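Survey of secondary and tertiary structure
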Amino acid sequence: MTEIDVRRKVLEANASAARSLKETFGASGTLVVNLISSPGSGKTTLLEATARALKDRFRLGGLDGDIATERDAERLQRAGIPARQILTGGACHLDARQVEKALAEEGSQLAGLDALFIENVGNLICPTSYDLGEDFKVVLLSVVEGDDKPFKYPAIFSRAAFTVVTKCDLLPHVDFDLSAVREQVAALNPSAGFLVVSARSGEGMDAWYSLLEEKIAWKREAPAAALVAP
Amino acid sequence: MHELGLAAEIFRIARETVDARGGGRLESVTVVVGDLAAVEPDLLEFAWKATVAGGLDEGAKLHVDWRPARQLCSSCGEVPERAEGSWLRLCPRCRQPLRVEGGDELEVRTMTFSEGAA
């Protein structure tokens, strides 16, 4: 029997694909946003509104991770932006190799964008561990899900650069303590941004669009090399 | 349940390592898992058994070397006893929020194999 010192990261294959994606996105100046939330919290609805509001000024695109159906990609296409579905066939998260493969298959449609939105599989746990070459993660929490979620799913709220509370038009109808959520997020991640929106009523959406415009401009200006993690 | 995907990656790395040394049968693999790596050791061991089942490496053992994160309190210094919670923990001595460092390890550390037995 021979013992070997291995010392290799379990997620090395994902990390290497994510690095290569970061280089590609850095070279094209494409902002990449990884959206993570429970199923039904409004990722696709937020992106539909975003597509309609910003598509005339920016080249936007979407990748939609789901276990089954092409519905989300079709919704984004109807909202006027190129989008491709990634079917995971049961897997609970997207990984960087699936993103690489989808982009390669889609070709020019999703190349050289100003911003690419990756809508992860609806799940607050597993997607947290996989780097998809994004610039930052956004976690969505709809007001109907309850105000205890940041402390119950601390990993994603600690790692997401922005928390977006969605469906705020329903606040009068549910027991959702917005300030409690804000405090939990601040305790877990003091530097995280916090937005409260309703894609349906339009409330708070201007702040979301301004944030994206600012980040798109930043990515365009940033020297590609500086964005690639060492 | 992303442990199944992790088990497949661990198996890939272990097999690659053995094959690079002339081949053989896997005996055991030791993985370092930090307590913030979002991995359940029991589920990982279960997924590992499923991954090696029915193949030449069936019965190869997976050992999980569990690494706690460091807990640092601004008043009490490093606190070794595990506070409740995962990312947000309160110091068990003075109830102030702890700064948590490390614990994100997820690495194939060592392995053993029998040469030429496969």
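Overview of the structure. (Residues numbered from 1 in each chain as written. Chains lettered and ligands numbered in written order. Predicted model: local features only at pLDDT ≥ 70, side-chain atom pairs only at ≥ 80, totals over all residues. Heavy atoms only, no water.)

Looking at the overall build of chain A
Note the threshold: Only DSSP runs of H or I covering at least 4 residues are called helices, and only runs of E covering at least 2 are called strands; the numbering of each starts at the N terminus. Using C-alpha atoms as the atom set, the radius of gyration is obtained and then compared with a globule rule of 2.2 Å times the number of residues to the power 0.38. Three exposure classes are used, based on accessible area relative to the maximum for each residue type with a 1.4 Å probe and protein chains only: buried under 20%, partly exposed in between, and exposed over 50%. Contact criterion: two residues are considered in contact whenever any of their non-hydrogen atoms come within 4.5 Å of each other. Working definition of accessibility: Shrake-Rupley area with a 1.4 Å probe, residue cover restricted to the visible protein chains.
For chain A, the helix and strand inventory stands at 9 helices and 8 strands. Taken over C-alpha atoms, the radius of gyration comes to 18 Å for chain A, in line with the 17 Å a tight globule of 230 residues would show. Over its C-alpha atoms, taken along the principal directions, chain A stretches across nearly 65 × 45 × 35 Å. Residues classed as buried in chain A amount to 53% of the 230 residues present. Contacts in chain A between residues at least 24 apart in sequence constitute 73% of all its contacts with a sequence separation of at least 6. Element-wise, carbon and sulfur atoms account for 50% of the exposed surface of chain A, whose accessible area totals about 9900 Å².

Describing the packing of helix H1 (residues 12-28) of chain A against helix H4 (residues 96-106) of chain A
All names here are of chain A. What counts is decided by this rule: Structural elements are reduced to axes, namely lines fitted to C-alpha atoms, with helices fitted over the stretch in contact, and the angle between N-to-C directions of any two is expressed from 0 to 180 degrees. Every angle not falling under 35 degrees, over 145, or within 65 to 115 is termed oblique; those three ranges are roughly parallel, roughly antiparallel and roughly perpendicular. In this scheme the handedness of a crossing depends on how the near helix is turned from the far one: anticlockwise by less than a right angle means left-handed, clockwise means right-handed. Amino acid classes used here: Ala, Val, Leu, Ile, Met, Phe, Trp, Tyr, Cys and Pro are nonpolar; Asp, Glu, Lys and Arg are charged; the rest, including Gly, are polar.
Look at H1 against H4: their axes get within 8 Å of each other, and the N-to-C directions meet at 40 degrees. One way to sum up the angle between H1 and H4 is to call them oblique. For the pair H1 and H4, the crossing hand works out as left-handed. Residues Ala13, Asn14, Ala17, Ala18, Ser20, Leu21 and Phe25 of H1 form the contact with H4, whose participating residues are Ala96, Arg97, Val99, Glu100 and Leu103. Considering only residue class, the contact of H1 with H4 consists of 8 nonpolar, 2 polar and 2 charged.

Description of the nonpolar core
Across soluble globular proteins, nonpolar side chains have a tendency to be buried as a group. To be explicit about the condition: Think of a nonpolar core as a cluster: buried Ala, Val, Leu, Ile, Met, Phe, Trp, Tyr and Cys residues, connected wherever their side-chain atoms sit within 4.5 Å.
Core analysis: the biggest nonpolar cluster contains 30 residues, and Val33, Phe117, Val138 and Trp208 of chain A have the highest contact counts within it. Of all elements in the fold, only strand S2 (31-36), helix H2 (43-54), helix H3 (71-78), strand S5 (115-119), strand S6 (136-142), strand S7 (162-166) and helix H8 (205-221) of chain A reach the threshold of two or more residues within this core. Per-element accounting of this core gives the leading share, 6 residues, to H8 of chain A. With 27 residues, the next largest nonpolar core counts Val10 and Tyr130 of chain A together with Ala7 and Ile13 of chain B among its residues.

Topic: the pairing of S6 of chain A
Residue and element names in this part refer to chain A. Our working rule: At least two DSSP bridges between two strands are needed for those strands to be called paired.
Among the 7 residues of S6, 7 are classified as buried, and the element is accordingly described as predominantly covered. Of the pairings in the sheet, the one linking S2 to S6 comprises 4 bridges and is parallel in character. Residue pairing in the sheet places Val33 in a bridge with Phe136 of S6. The pairing of S6 with S7 spans 5 bridges and is classified as parallel. Along S7, the bridge assignment pairs Val139 with Thr163.

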